[in-house]
Amino acid sequence: MIDLLPKLERRSSSACSCSHTPSEDPQNWAKHRAKPGSESGWPNKHTLRILQDFSNEPNSNLSSHSLEKITVGERSEALKRFEQLTGDEKRHTARDSALKNAAVMGSRLSALFEHPLYTRPLPPLIDEDTLFNVNTDIRFDPKAAENPEWNGEGKDGDYAPTGEMSSDSYPNWLRFHIGINRYELYSRHNPVIDAMLKDLVSQRITSVAMKSGGTQLKLIMTFQNYGQALFKPMKQTREQETPPDFFYFSDFERHNAEIAAYHLDRILDFRRVPPVTGRLVNMTKEIRDVTRDKKLWRTFFISPANNICFYGECSYYCSTEHALCGKPDQIEGSLAAFLPDLALAKRRTWRNPWRRSYHKRKKAEWEVDPDYCEEVKQTPPYDSGTRLLDIMDMTIFDFLMGNMDRHHYETFEKFGNETFIIHLDNGRGFGKHSHDELSILVPLSQCCRVKRSTHLRLQLLAKEEFRLSALMEESLQTDTLSPILIRPHLEAMDRRLRLVLQVLADCIEKEGYSNVVEDDLVLPLF
């Protein structure tokens, strides 16, 4: 990151100051070969405990290694004036109107975020608490960065004529990365997040590549401001429920679940899900015509209904029978902002102690051993700090969504074990509104532990004036693809919230309040 991140080693091979350096040069299609993201620098997994670090098996859906490299010509093109919105203008106008009306009538969401539970300040941050150590007085010198074409974007949407830019003028995705610290992915009222989400909706897509690995098709999209996001295309309508005979590991990944998970995570005040927004994409102009991925390009075809379709390559649901088709060439999808590149900010991948067996007949140990949590409590990193309590937060988050597919989670390596866990890959949530999967709550019922801040917020969201379903509905109205969830899914969250509170009430009655509720409102966060 050159002068922006002075403590990072300068790499002569990188001319771009962005933190998503792609991992492969552009090549002719005849010579192109997909290359998985580099795993160099990842720590070795512990050999004796299955509950510890699984960093040598990164399964993050937000891996920052693209298959394509941005050329000098593309960088030059990306520095032109932002294109005016066309097809999405009406959506934006309707959304802005709804937000203005909500502001006039009174916003539950605004009132929630003004509540004392949502205004607790962080401890003072030192260099060790920030992901990147940035000197805000530094001016970006393009010559020092060996990239004479890099200029700052002006406040009016034009690019600054000078060759220097302050940190306030960095692209929004880069400002998001700079703001990550030991305690949160982003602050509660950071205007950069909303600005970045607008960028994901409006920025011109300059290149597209398939993400390697995974069971279903996901695309890495690069934008004109060098930002990148993970695109999950729409696979089923909002009204469709997961068939009752489907195993959790063969379920579809839903784009609207990724969007809703981001909003739910924010309302719960966890702020551990990378920002996600919806976007309507032209499959021809914004995917097929800009990709250099020959394997992706060759899967495009025109259906008997005269719609543009493609299916890509993956281990599940990538075939003509499971093709993704537009109407006729427009398709919805979710765009999840990338986390910083692994070369700049390594992450550890940890196996979820309550991971399911992913087998049709076998059960996991926690499903047959009622005292399983006692073993977990004696195993690093769950034997100290807040990691076990963070797992309880994630358990509650997943139960409210109905997500059974939480096999791994990640942390930033720089912060060690004293940091939050990142809630990645939420596409299998919101599959069934008519069924509450109580097995998701087993970690909570076995351990009977919860943060006081989480417990109080759950009680607050159960009150009529701060009803979770109403808050979610209001928050989701801001998305371009609104409505994101149908009414039954919203009502299911209220029902599941009551079930969570009942489990905690039973724990408190059985073990006592002080043995169940950890008072994190008085003690330091870590």
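In every chain, residue numbers begin from 1 and rise along the written sequence. Only residues with pLDDT of 70 or above have their local features reported here, since the model is predicted, and side-chain atom pairs are shown and tallied only from 80 upward, although totals for entire chains, interfaces and linings are computed over all residues. No hydrogens and no water enter the side-chain calculation; it runs on all heavy atoms of the structure.

Peer 1: Could you clarify how one ought to interpret the nonpolar core in this entry?
Peer 2: Counting residues in each nonpolar core, the largest one holds 108 residues, and the members touching the most others are Trp354, Phe412 and Met472. In DSSP terms, a helix is any run of H or I states spanning at least four residues, a strand is any run of E spanning at least two, and both are numbered starting from the N terminus. In terms of residue count, helix 11 (residues 387-401) provides more of this core than any other element does, nine residues in total. Pairs of residues are marked as contacts when any of their non-hydrogen atoms sit within 4.5 Å. Not counting residues up to four positions away in its chain, the partners in contact with phenylalanine 412 are Leu131, Ile180, Leu185, Leu339, Pro340, Ala345, Lys346, Arg347, Thr419, Phe420 and Ile422. For this analysis, a nonpolar core means a set of buried residues of the types Ala, Val, Leu, Ile, Met, Phe, Trp, Tyr and Cys, connected via side-chain atoms within 4.5 Å. Working definition: with a 1.4 Å probe on protein chains only, accessible area under 20% of the residue-type maximum means buried, over 50% means exposed, and in between means partly exposed.

Peer 1: Teacher, can you tell me more about the pairing of strand 2 (residues 219-223) here?
Peer 2: Regular strands have side chains that alternate between both faces of the sheet. When you tally the buried positions in strand 2, you get five out of five residues, the bulk of the element. Neither face of strand 2 is open: one carries Leu219, Met221 and Phe223, the other Ile220 and Thr222, and all of them are buried. Sheet analysis places strand 1 (residues 205-210) next to strand 2, joined by five bridges and oriented antiparallel. Paired with alanine 209 across the strands is isoleucine 220, a residue of strand 2. Should DSSP find at least two bridges between two strands, the strands are taken to pair.

Peer 1: Mind showing me how you'd approach the packing of aromatic side chains here?
Peer 2: Centres within 6.5 Å are what make two rings of Phe, Tyr or Trp a pair, Trp counting through its six-membered ring; a difference in plane orientation under 30 degrees is then read as stacked, over 60 as edge-to-face, and the rest as tilted. All told, the structure shown has seven aromatic pairs when counted by the stated rule. Ring geometry for phenylalanine 412 versus phenylalanine 415: centroids 6.3 Å apart, planes at 80°, classification edge-to-face. Ring plane angle 75° and centroid distance 6.4 Å describe the contact between phenylalanine 412 and phenylalanine 420, whose orientation is recorded as edge-to-face. The pair phenylalanine 412 / phenylalanine 420 is uniform in exposure class, with both members buried. An aromatic cluster of at least three residues, connected via ring pairs, comprises Phe412, Phe415 and Phe420. Consider the ring centre and the ring normal. A charge sits over the ring if Lys NZ or Arg CZ is within 6 Å of that centre and within 35 degrees of that normal. Sitting over the face of the ring of tryptophan 350, arginine 387 holds its NZ or CZ atom 4.8 Å from the ring centroid.

Peer 1: Where do I start with helix 14 (residues 468-476) in this structure?
Peer 2: Each α-helix turn comprises 3.6 residues. Residues three or four places apart therefore point the same way. Judged by how many residues are buried, helix 14 sits mostly within the fold: eight of nine residues are covered. If you check which residues of helix 14 are buried, you get Leu468, Ser469, Ala470, Leu471, Met472, Glu474, Ser475 and Leu476. As for helix 14, its buried residues are in contact with helix 3 (108-113), helix 6 (255-267), helix 11, helix 13 (452-461) and helix 15 (487-511).

Peer 1: Would you mind going over helix 5 (residues 191-202) with me for this structure?
Peer 2: Helix length check: helix 5, at twelve residues, gives a terminal C-alpha distance of 17 Å against a target of 16 Å (1.5 Å per residue), a fit within 8%. Within helix 5, the full set of buried residues consists of Val192, Ile193, Met196, Leu197, Asp199, Leu200 and Val201. Capping the start of helix 5 is the job of one residue whose side-chain oxygen sits 3.0 Å from the backbone nitrogen of valine 192: asparagine 190. Working rule for helices: expected span equals 1.5 Å times residues minus one. What qualifies as a polar contact is a pair of N or O atoms within 3.5 Å, subject to a donor-acceptor requirement within protein and to the restriction that residues adjacent in sequence count only when both atoms come from side chains.

Peer 1: Honestly, the UniProt feature "binding site: Mn(2+)" (unreviewed entry) in the protein in this entry has me stumped. Any pointers?
Peer 2: Here, the residues flagged by UniProt with the feature "binding site: Mn(2+)" (unreviewed entry) are Glu253 and Asp425. The greatest C-alpha distance among the annotated residues, which extend across 173 residues, is 9.0 Å, indicating that they converge on a single site. Along the chain, glutamate 253 turns up in the loop between strand 3 (228-233) and helix 6. Overall, glutamate 253 belongs to the buried group, its relative accessible area being 4%. On the secondary structure map, aspartate 425 appears in the loop between strand 10 (408-412) and helix 12 (442-447). On the basis of relative accessible area, aspartate 425 is assigned to the buried category, the value being 17%. One polar contact links aspartate 425 to lysine 232, side chain to side chain, over a distance of 3.0 Å. UniProt positions are given in the numbering used here, feature names are shortened, and annotations may be inferred rather than shown by experiment.

Peer 1: When you look at the sheet that holds strand 6 (residues 308-310) in this model, what are you seeing that I'm missing?
Peer 2: Backbone-to-backbone hydrogen bonds join strands into a sheet, with any given pair of strands oriented parallel or antiparallel. Strand order in the open sheet formed by three strands is 5-6-7, and the pairing between neighbours is antiparallel. With one partner strand each, in any of the chains shown, strand 5 (301-302) and strand 7 (324-325) form the two edges of the open sheet.

Peer 1: Is there a simple way to think about the environment of asparagine 515 in this case?
Peer 2: Structurally, asparagine 515 can be placed in helix 16 (residues 513-516). Between the alpha carbons of asparagine 515 and valine 450 there is a distance of 9.6 Å; along the sequence they are 65 residues apart. Non-local contacts of asparagine 515, meaning those with residues more than four positions away in its chain, are made with Cys448 and Arg449. Engagement of the side chain of asparagine 515 in a polar contact is seen with the backbone oxygen of glutamate 511, the distance being 2.7 Å.

Peer 1: Got a minute to help me understand the state of the cysteines in this structure?
Peer 2: A covalent bond between the sulfur atoms of two cysteines is referred to as a disulfide. For the purposes of this analysis, a disulfide is any pair of cysteine sulfur atoms at a distance within 2.5 Å. This model, assessed by the stated rule, comprises four disulfides. Sulfur-sulfur distance for the disulfide between cysteine 309 and cysteine 325 comes to 2.1 Å. An S-S torsion of about 110° defines the bridge between cysteine 309 and cysteine 325 as right-handed. Of this pair, cysteine 309 sits in strand 6 while cysteine 325 sits in strand 7, and the two are 16 residues apart along the sequence. Here cysteine 314 connects covalently by a disulfide to cysteine 318, the sulfurs 2.0 Å from one another. The S-S bond linking cysteine 314 to cysteine 318 shows a torsion near 110°; that makes this disulfide right-handed. On the accessibility criterion, cysteine 314 (23% relative accessible area) is partly exposed. On the accessibility criterion, cysteine 318 (16% relative accessible area) is buried.

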